[in-house]
Every structure is written in structure tokens, then in C-alpha cells.
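The primary structure of each chain is shown beneath.
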Amino acid sequence: MDAYEEARREIEAVLEHTARSQETITYSELVGKVQAIPLEPDSKILAKILDEISTDQDAAGRGMLSAVVIHKTDDYLPGPGFFSLAETLGRDASDEVAFHAAELERVHRSFKR
């Protein structure tokens, strides 16, 4: 397994744990838990991995798993890429706050123990 795939596996495990715990995690907390490759909270690689994970989890009926990843200050929402992906997946994310709340609830319900 290459470093990218290892990082993706690590990130998905953290997101699933966060969802099972009915919590959220910040981008900086998330990258601090990744050992495979060094990542910055606003890196393109992190955004790509989060998009891939959310696309796969959504296709499996569990929702956009990256809904659990939020900014640590300001709006406490996911970054703009989350909402762009939602639109790509055919969702109406025009009301970002309402969309995120609903998607986070969906993910939490899907991963509840």
C-alpha cells in the first residue's frame, strides 16, 4: 500500500470513529492524527481524500462522511469543497448551515453503534 492509500485508510478510520462517537473533528485535529504523509489542514491532498471518502460512503448510503470535519473557528462548518461535492452528488447545499446539520445527522445516525 502506498503512502497516499495509507493516509486515506487512516483518515477514513478517524472519520468513522468520530461519527460513531457522534462528534465532529477539526481539520487541524484530523491532520494531526495522520502518520502516513504530512498534511496541512488546507492541503489539496486532504481535500481529495475527503472527497473520495465522502463519495464512497454516500454511494453506500451512509452520507457524506466528511460532514464530521469542520473549521475550528469562524463558522464551525466544513470547507467550501464539502458543499461543492454535495452539489456534484446532486444535493441542494444552497443553505450551507441547514445542509450541514442534516448531513451530519445522517452520518451520525448511519454510524451510531
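Above this note sits the structure.
Below, the structure is looked at part by part.

About the thresholds
- Residues numbered from 1 in each chain as written.
- Predicted model: local features only at pLDDT ≥ 70, side-chain atom pairs only at ≥ 80, totals over all residues.
- Heavy atoms only, no water.
- Phe/Tyr/Trp six-rings, centres within 6.5 Å; stacked < 30°, edge-to-face > 60°.
- Buried < 20%, exposed > 50% of the residue type's maximum accessible area, 1.4 Å probe, protein only.
- Helix = DSSP H or I, 4+ residues; strand = E, 2+ residues; numbered from the N terminus.
- Axes fitted to C-alpha atoms, helices over the stretch in contact; angles between N-to-C directions.
- Parallel < 35°, antiparallel > 145°, perpendicular 65-115°, else oblique.
- Contact = heavy atoms within 4.5 Å.
- Lys, Arg positive; Asp, Glu negative; His and termini not counted.
- Salt bridge = Lys/Arg side-chain N within 4 Å of Asp/Glu carboxyl O.
- Polar contact = N/O pair within 3.5 Å; in protein donor to acceptor, adjacent residues only side chain to side chain.
- Core = buried A, V, L, I, M, F, W, Y, C linked by side-chain atoms within 4.5 Å.

## Brief notes about the packing of aromatic side chains
Piece 1. Here the structure, examined in full by the defined rule, presents three aromatic pairs.
Piece 2. Where Phe82 meets Phe83, the ring centres are 5.1 Å apart and the plane angle is 90°; that geometry is what we call edge-to-face. Summarising the burial analysis for this pair, Phe82 and Phe83 share the class buried.
Piece 3. Ring centres 5.9 Å apart and planes at 50° place the aromatic pair Phe82 and Phe99 in the tilted group. Residue Phe82 is located in helix 4 (residues 80-88), and its partner Phe99 is located in helix 5 (residues 96-111); the two are separated by 17 residues in the primary sequence.

## Examining the packing of helix 1 (residues 3-20) against helix 5
Piece 1. Remark: helix 1 packs on helix 5, axes separated minimally by 8 Å, with the N-to-C direction vectors making an angle of 90°. Relative to helix 5, the element helix 1 lies roughly perpendicular. Contact residues: helix 1 offers Glu16, Ala19 and Arg20, while helix 5 offers Val107, His108 and Phe111.

## Quick word on the side chain of Glu12
Piece 1. By secondary structure assignment, the location of Glu12 is in helix 1.
Piece 2. Of the side chains with opposite charge, Arg8 lies nearest to the buried Glu12, which makes no salt bridge, at 4.0 Å.
Piece 3. At 2.8 Å, the side chain of Glu12 and the side chain of Gln57 are in polar contact.
Piece 4. Aside from chain neighbours lying at most four places away, what touches Glu12 is Ile53, Gln57 and Leu65.

## Some thoughts on the pattern of salt bridges
Piece 1. With the rule as written, the count across this model stands at nine salt bridges.
Piece 2. One salt bridge in this structure joins Glu6 and Arg9, with 2.6 Å as the shortest N-O distance. Remark: Arg9 and Glu6 occur in helix 1; sequence separation between them is three residues, near one turn of the helix.
Piece 3. Note on Glu6: relative accessible area 23%, which makes it partly exposed.
Piece 4. Note that Arg109 is salt-bridged to Glu105, the shortest N-O span being 3.2 Å. Here Glu105 and Arg109 lie together in helix 5, a separation of four residues that amounts to about one turn.
Piece 5. Taken together, the shared-partner salt bridges in this structure form one network comprising Arg8, Lys48, Glu52 and Asp56.

## What about the nonpolar core?
Piece 1. If you look at the biggest cluster of nonpolar residues, it comprises 32 residues, and the most contacted ones within it are Ile11, Leu15, Leu30, Leu46, Leu50, Val68 and Val69.
Piece 2. Listed by contribution, the elements that provide at least two residues to this core are helix 1, helix 2 (27-32), helix 3 (44-59), helix 4 and helix 5.
Piece 3. Those residues in contact with Leu15 that lie beyond four places of it in its chain are Ile25, Leu30, Leu50, Ile53, Leu65, Ser66, Val68 and Val69.

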